[in-house]
Amino acid sequence: MTFMKPNRAPTWRVSAAALVAIATLSGCATNNPRDPLEPYNRAMFKVNDTIDEVALKPVATAYKKVLPSFVQTGVNNFFGNLSDVWTGANNLMQGKGEQGMSDWTRVALNSTFGIGGLFDIASEAGLKKHNEDFGQTLGYWGVPSGPYLMLPLLGPSTVRDTSGLPVDMAANGWSYVDPSRTRNIGTAVRVIDTRANLLDASNLLEGAALDRYEFIRDGFLQRRQSQVFDGESSRKALKEANEGPADAKSIRAAYADDAPATDAAPAATPTAPAPTPAPEAAPAAPAVSSETPSK
């Protein structure tokens, strides 16, 4: 599998026209507002599922059984290091400068001390790995996801994420590797390795008595929203989570219940003690001679 660039512009126009036709024919065939293309999506899901069962899953199973685990880890680390470059760029485009610089620091460490990315030195050093693509960046900018869309071979997506795919493909450093034979082999290994990492999850899903299409669709849409907003439920919630109190006054107001009593009211000004009444005069003591010591 490789990323092929179209030779003629009409190819894109034909594809766009086909999507419009599908949306027109099947727009009223479902009650799910997030999946107006459900008839088409279910048909494509069956095609992808058949290809996976016949070809991809058996190869991925053999890959996982035959290759030593350290080789599989090295393959995963190598392509993960390449993806960190574009992840860092997307974090910067989203205004998350600290995460973006952390991603690029990961690339620098893993590419040098990690021997071309075969070893994930950066994670051991405490630099967290992120996963960002241009579809997430568009969502962060406020572009709506649009309808759910099942892509041939690529699987679940949305109209927004599909529109970002050409940018993701152009930013994939592996797509520029020469010769083409090396590029194609590496791309195939990457796909197989990705599928092998999903074997346990797919086996569990196949054993469950449910509508696999709906389960995958709903899970994908929920996970995608979480990825776009970094775990928050909406763009507004994300913005509020990133904004803190502006000054000490607002901090005190936010935590008023925890404020000490001295902060709630000014301390009382100390006053002079009230004068005590003079004691009654005591009876006079008998006179004592200065020559005799008193006891």
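Q: Hey, could you go over the packing of helix α3 (residues 69-93) against helix α8 (residues 180-197) for me, with residue numbers and the actual values?
A: It is at 10 Å that the axes of α3 and α8 come closest, and there the two elements cross at 110°. Put simply, α3 runs roughly perpendicular to α8. For the pair α3 and α8, the crossing hand works out as left-handed. Between α3 and α8, the contacting residues are Gln 72, Val 75, Asn 76, Phe 79 and Ser 83 on the first element and Gly 186, Val 189, Arg 190, Asp 193 and Asn 197 on the second.

Q: Lay out the pairing of strand β2 (residues 155-158) with the relevant residues and their values.
A: In the sheet, strand β1 (residues 148-151) pairs with β2 via four bridges, with the strands oriented antiparallel. Paired with Tyr 148 across the bridge in β2 is Thr 158. Where β1 hands over to β2, the hairpin turn is made up of three residues, of which Leu 153 adopts a positive phi near 70°.

Q: Describe unusual backbone geometry, with residues and values.
A: Of note, the amide linkage connecting Asp 178 to Pro 179 takes the cis form, showing an omega dihedral of 0°. With respect to the helices and strands, Pro 179 occurs in the loop between α7 (159-170) and α8. Residues other than glycine seldom take positive phi values, yet Ile 115 does so here, at roughly 55°. On the secondary structure map, Ile 115 appears in the loop between α4 (97-112) and α5 (121-124). For Ile 115, a relative accessible area of 54% puts it in the exposed group. The backbone of Leu 153 sits at a positive phi, close to 70°, despite the residue not being glycine. Structurally, Leu 153 is set in the loop between β1 and β2. With relative accessibility at 62%, the residue Leu 153 sits in the exposed group.

Q: So what about the packing of helix α2 (residues 38-66) against α8? Which residues, and what values?
A: Relative orientation and spacing of two packed helices are given, respectively, by the angle between their axes and the distance between those axes. Where α2 meets α8, the axes come as close as 8 Å, and the angle between the chain directions of the two elements is 85°. Here α8 runs roughly perpendicular to α2, going by the angle between their axes. Counting all contacts with α2, which are made through Asp 52, Leu 56, Lys 57, Val 59, Ala 60, Tyr 63 and Lys 64, the residues of α8 involved are Val 191, Ile 192, Asp 193, Arg 195 and Ala 196. For the contact of α2 with α8, the class distribution of residues is seven nonpolar, no polar and five charged.

Q: Residues and numbers for the packing of aromatic side chains, please.
A: Under the criterion given, the structure shown has seven aromatic pairs. Each ring, one from Phe 45 and one from Tyr 213, has its centre 5.8 Å from the other, and the planes form 70°; the classification is edge-to-face. With Phe 45 in helix α2 and Tyr 213 in helix α10 (residues 212-228), this residue pair connects regions lying 168 residues apart in the sequence. Comparing Phe 45 with Tyr 213 shows no difference in burial state: the two are buried. Arranged with centres 6.3 Å apart and planes meeting at 70°, the rings of Tyr 148 and Tyr 213 form a pair that is edge-to-face. Taken together, the residues span a long stretch of sequence, with Tyr 148 in strand β1 and Tyr 213 in helix α10 at a distance of 65 residues.

Q: Give a detailed account of α7, specifying residues and quantitative values.
A: Buried within α7 we find Arg 160, Asp 161, Gly 164 and Asp 168. Axial view of α7: buried residues confined to an arc of 75°, hence all on one face. The inward-facing, buried residues of α7 contact α3, α6 (134-140), β2 and α10.

What counts and what doesn't
Residues numbered from 1 in each chain as written. Predicted model: local features only at pLDDT ≥ 70, side-chain atom pairs only at ≥ 80, totals over all residues. Heavy atoms only, no water. Axes fitted to C-alpha atoms, helices over the stretch in contact; angles between N-to-C directions. Helix = DSSP H or I, 4+ residues; strand = E, 2+ residues; numbered from the N terminus. Parallel < 35°, antiparallel > 145°, perpendicular 65-115°, else oblique. Left-handed = near helix turned anticlockwise from the far one by under 90°. Contact = heavy atoms within 4.5 Å. Pairing = 2+ DSSP bridges. Buried < 20%, exposed > 50% of the residue type's maximum accessible area, 1.4 Å probe, protein only. Nonpolar A, V, L, I, M, F, W, Y, C, P; charged D, E, K, R; others polar. Phe/Tyr/Trp six-rings, centres within 6.5 Å; stacked < 30°, edge-to-face > 60°. Arc of directions from axis to C-beta.

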